[in-house]
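Below, each chain spelled out in residue letters.
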Amino acid sequence: NAGVMQNPRHLVRRRGQEARLRCSPMKGHSHVYWYRQLPEEGLKFMVYLQKENIIDESGMPKERFSAEFPKEGPSILRIQQVVRGDSAAYFCASSQGPNNSPLHFGNGTRLTVT
Amino acid sequence: GENVEQHPSTLSVQEGDSAVIKCTYSDSASNYFPWYKQELGKGPQLIIDIRSNVGEKKDQRIAVTLNKTAKHFSLHITETQPEDSAVYFCAAIQTGNQFYFGTGTSLTVIP
């Protein structure tokens, strides 16, 4: 009865490196959302995906950020050429579908860019 | 898009007292309103939710009320305990759309 699994829990990258954050949704969930949270701030929507489809990426920065949710395997949030401003907690959430199904969150990946 | 405002941003109560957190939303098409509790170092956890066809819902010490006309909904925690200390987020959603979260309320229950 595993919940939403995110790994790694903590990720340290130097400026200019790539960060790859992984999210395995709850069993039976086919919808994945990524959120970003800065210290003592709220949850900022980034992207909403279904299997093999990006449904809404209106919260994603235009450059350096991408997300995918392949047919097999976890959803991946990829940040290329990281900068210090990318340091934040990144949360993944999953749901059964779009019809007001509750979101279930993972415990996040805390990215630190040095 | 939807705009969700949440108040207060911080709240301190004595153990045993009640805590109330309020949210307003802008889009009358929103029809699902969950509340999440986030403890330090963890992801938000769903604690209660309400749909637009219901005015009030209660689960033990937690209750949520919804006023569709005024476009506001509130979280009520009675008989607060130290373990209720956390950050609480409200959200408003339209069918099929993304979740719009409030900015959070940091609740401290003083023993």
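Now for a quick tour of the structure. Given the structure is predicted, the values throughout are model-derived calculations rather than measurements. (Residues numbered from 1 in each chain as written. Chains lettered and ligands numbered in written order. Predicted model: local features only at pLDDT ≥ 70, side-chain atom pairs only at ≥ 80, totals over all residues. Heavy atoms only, no water.)

Another aspect to go through is the overall build of chain A. Looking only at helices and strands, one finds 0 helices and 11 strands in chain A. Going residue by residue from the N terminus, the α and β elements of chain A occur as β-β-β-β-β-β-β-β-β-β-β. Relative to a compact globule of 114 residues, whose C-alpha radius of gyration would be 13 Å, chain A shows 13 Å and is just as compact. Projecting the C-alpha coordinates of chain A onto the three principal axes gives extents of approximately 40 × 25 × 25 Å. Burial analysis of chain A (114 residues in total) assigns 45% to the buried set. Summarising the internal contacts of chain A: among those between residues at least 6 apart in sequence, 51% fall at separations of at least 24. For chain A, the accessible area works out to roughly 5,900 Å², and carbon and sulfur atoms hold 44% of it. (Helix = DSSP H or I, 4+ residues; strand = E, 2+ residues; numbered from the N terminus. Rg over C-alpha atoms; globule rule 2.2 N^0.38 Å. Buried < 20%, exposed > 50% of the residue type's maximum accessible area, 1.4 Å probe, protein only. Contact = heavy atoms within 4.5 Å. Areas by Shrake-Rupley, 256 points an atom, 1.4 Å probe, with all protein chains shown as cover.)

Secondary structure summary: chain B contains 0 helices and 11 strands in total. Reading chain B from its N end, one meets helices and strands in the order β-β-β-β-β-β-β-β-β-β-β. In terms of C-alpha radius of gyration, chain B reaches 13 Å, essentially the compact-globule figure of 13 Å for 111 residues. Out of the 111 residues in chain B, the part that is buried amounts to 45%. Put simply, 53% of the contacts in chain B that link residues at least 6 apart link residues at least 24 apart. Accessible surface, chain B: about 5,300 Å² in total, of which carbon and sulfur atoms supply 47%.

On to the interface of chain A and chain B. With 22 residues of chain A in contact, the opposing surface of chain B contributes 22 residues. Interface area, chain A with chain B, both sides summed: about 1,600 Å², of which 53% is carbon and sulfur. Scanning the region where chain A abuts chain B turns up 0 salt bridges. Along the contact surface separating chain A from chain B lie 6 residue pairs in polar contact (both at pLDDT 80 or more). Elements that contribute at least two residues to the side of chain A that touches chain B include exactly β4 (31–37) and β5 (43–50) of chain A. (Buried area = accessible area lost by both parts, 1.4 Å probe. Salt bridge = Lys/Arg side-chain N within 4 Å of Asp/Glu carboxyl O. Polar contact = N/O pair within 3.5 Å; in protein donor to acceptor, adjacent residues only side chain to side chain.)

Okay, the state of the cysteines next. Residue and element names in this part refer to chain A. Per the counting criterion, the structure on display carries 2 disulfides over all chains. Put simply, Cys23 and Cys92 are joined by a disulfide, and their sulfur atoms are 1.8 Å apart. The S-S bond linking Cys23 to Cys92 shows a torsion near -55°; that makes this disulfide left-handed. Within this pair, whereas Cys23 is found in strand β3 (residues 19–24), its partner Cys92 is found in strand β9 (residues 88–95), the two being separated by 69 residues in sequence. When sorted by exposure, Cys23 lands in the same class as Cys92, which is buried. (Disulfide = S-S within 2.5 Å.)

What follows concerns the sheet that holds strand β7 (residues 62–67) of chain B. Residues and elements named next belong to chain B. The strand order across the open sheet formed by 5 strands is β1-β3-β8-β7-β6, and the pairing between neighbours is antiparallel. Edge positions in the sheet fall to β1 (4–7) and β6 (56–59), since each of these pairs with one other strand and no more. The average undirected angle you get between the axes of adjacent strands in this sheet is 15°. (Pairing = 2+ DSSP bridges. Axes fitted to C-alpha atoms, helices over the stretch in contact; angles between N-to-C directions.)

So, about the layout of surface pockets. Approximately 530 Å³ is the volume found for the largest pocket. At the level of elements, β9 of chain A together with β9 (86–92) and β11 (105–110) of chain B are the ones that each hand at least two residues to the lining of the largest pocket. Top contributing element to the lining of the largest pocket by residue count: β9 of chain B, with 3 residues. Considered as a void within the structure, the second largest pocket measures approximately 200 Å³ in volume. Contributing to the lining of the second largest pocket are 14 residues, with Leu43, Lys44 and Phe45 of chain A together with Tyr100 and Phe101 of chain B lying nearest its centre. Mapped onto the lining of the second largest pocket, the elements with two or more residues apiece are β5 of chain A together with β10 (100–101) of chain B. With 3 residues, the single largest contributor to the lining of the second largest pocket is β5 of chain A. Each residue belonging to the lining of the second largest pocket can be placed in one class, and the counts come to 7 nonpolar, 5 polar and 2 charged. (1 Å grid on protein atoms, 1.4 Å probe; cavity = no way out; pocket = protein on both sides within 12 Å on 5 of 7 lines; lining within 4 Å. Points joined across faces, edges and corners; volume = space filled by probe spheres on them. Nonpolar A, V, L, I, M, F, W, Y, C, P; charged D, E, K, R; others polar.)

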